[in-house]
Number of protein chains: 2
Amino acid sequence: MEIEIKFRVSLNEIRKRIEALGAEFVGEEIQEDLYFALPSKRLLRIRRIVNLNEVILGYKEIKDEKNEEFDEIEVKVEDFERMRTILNHLGFKEDVWIKKHRYVYKLGDVTFELNQVEKLGDFLDIEIIADNVQEAKDKIWKIAEALGLSKEDVEPRLYQEMLKELPKYGQKE
Amino acid sequence: MEIEIKFRVSLNEIRKRIEALGAEFVGEEIQEDLYFALPSKRLLRIRRIVNLNEVILGYKEIKDEKNEEFDEIEVKVEDFERMRTILNHLGFKEDVWIKKHRYVYKLGDVTFELNQVEKLGDFLDIEIIADNVQEAKDKIWKIAEALGLSKEDVEPRLYQEMLKELPKYGQKE
């Protein structure tokens, strides 16, 4: 299972602190995610990683109330538009686009995903893949505290939920 | 649109005749197709091309009564089992496996797909990608006649329909 907690952060400041912890910079990705409408607690998206020229189909199930525990399956696909057309024909409705610039760091089994999300701001996901949820969360919180983050900084909403709650959402630009 | 007519043939004999027409051998594929249950006239499959180590997600819509006119979209995917798991989670039920050994020939814009289909026998698909259906069918028939094939040799059923009509279908082996 994927366990992750999302914090609202100030990118440059938190980046320095992550590096100060000794985490290793793994890479950066410019991601454009197209989400399809599914019943709640289930997510389907096609992700285009623009700078790496990769496309990934992803399916996620949210396993808790706080959007911190996920089952995720991903598979690389050759072409964004053809995958999109197939999903459209299978009856899946397009819901929202989430566009972000992601910087990834690693420290042991902990992954730091530092996201600059278009229209929404800067966020840090601290993530561990593990079976023992409580142990993983304790570890995430220990690191979060070392980074100066607290419960008030947690953002429990999904990006697509946040986007839909924006005052101007749905208006033509 | 994909226009194709399927004939029941004797593989070695028809192969010599195709070569005698001057068609060029393009390659061979060992295909294992897993079809998912969809409303009729619509097909969804994951194809594993064993000898080329390729996996292709394919969606087809049948546009006529004789199973000769198709709209098809395909996209390569990285991993068969992960694609299968995503479709399972999205609610698609697995229907049948079709396994075949395919020899492909080309002559101009005409593709010959010579299939040895497990449990079903040997078939030749003569295929043209075109917008003008009637023109394409006339051309296919001209070639079919040059190969000694007639209307009695046409097999209008899909492989999955033929498989389900076998006396022993559904019994455990």
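Residues numbered from 1 in each chain as written. Chains lettered and ligands numbered in written order. Predicted model: local features only at pLDDT ≥ 70, side-chain atom pairs only at ≥ 80, totals over all residues. Heavy atoms only, no water.

1. Digging into the interface of chain B and chain A
Here comes step 1: Contacts between the two partners involve 20 residues from chain B, matched on the other side by 20 residues from chain A.
Here comes step 2: Counting each side, the surface lost to burial between chain B and chain A is near 1800 Å², with a carbon and sulfur contribution of 75%.
Here comes step 3: Three residues, Ile73, Ile86 and Leu90 of chain B, lead the burial of chain B against chain A; their summed loss comes to 30% of the area buried on that side.
Here comes step 4: Seen at the junction of chain B and chain A, the total is zero salt bridges.
Here comes step 5: The tally of links between chain B and chain A comes to seven residue pairs in polar contact (both at pLDDT 80 or more).
Here comes step 6: At the level of elements, β3 (42–49), β4 (54–62), β5 (69–77) and α2 (80–89) of chain B are the ones that each hand at least two residues to the side of chain B that touches chain A.
Here comes step 7: Counted by class, the side of chain B that touches chain A contains eleven nonpolar, two polar and seven charged residues. (Contact = heavy atoms within 4.5 Å. Buried area = accessible area lost by both parts, 1.4 Å probe. Salt bridge = Lys/Arg side-chain N within 4 Å of Asp/Glu carboxyl O. Polar contact = N/O pair within 3.5 Å; in protein donor to acceptor, adjacent residues only side chain to side chain. Helix = DSSP H or I, 4+ residues; strand = E, 2+ residues; numbered from the N terminus. Nonpolar A, V, L, I, M, F, W, Y, C, P; charged D, E, K, R; others polar.)

2. Describing the packing of aromatic side chains
Here comes step 1: Tallying each qualifying case throughout the model produces nine aromatic pairs over all chains.
Here comes step 2: Geometrically, the ring pair formed by phenylalanine 25 of chain B and tyrosine 105 of chain B is tilted, given 5.2 Å between the ring centres and 55° between the ring planes. Within this pair, whereas phenylalanine 25 of chain B is found in strand β2 (residues 24–36), its partner tyrosine 105 of chain B is found in strand β6 (residues 94–107), the two being separated by 80 residues in sequence.
Here comes step 3: For the pair phenylalanine 80 of chain B and tryptophan 97 of chain B, a centre-to-centre distance of 5.7 Å together with 20° between the ring planes defines the contact as stacked. You can see phenylalanine 80 of chain B sitting in helix α2 and its partner tryptophan 97 of chain B sitting in strand β6, a full 17 residues away along the chain.
Here comes step 4: We classify phenylalanine 80 of chain B as buried; its relative accessible area is 4%.
Here comes step 5: Overall, the relative accessible area of 30% leaves tryptophan 97 of chain B in the partly exposed class.
Here comes step 6: Its end group placed over the ring of phenylalanine 70 of chain A, lysine 60 of chain A keeps NZ or CZ at 4.3 Å from the ring centre.
Here comes step 7: A cation over a ring is seen here: lysine 99 of chain B above tryptophan 97 of chain B, with NZ or CZ 5.4 Å from the ring centre. (Phe/Tyr/Trp six-rings, centres within 6.5 Å; stacked < 30°, edge-to-face > 60°. Buried < 20%, exposed > 50% of the residue type's maximum accessible area, 1.4 Å probe, protein only. Lys NZ or Arg CZ within 6 Å of the ring centre and 35° of its normal.)

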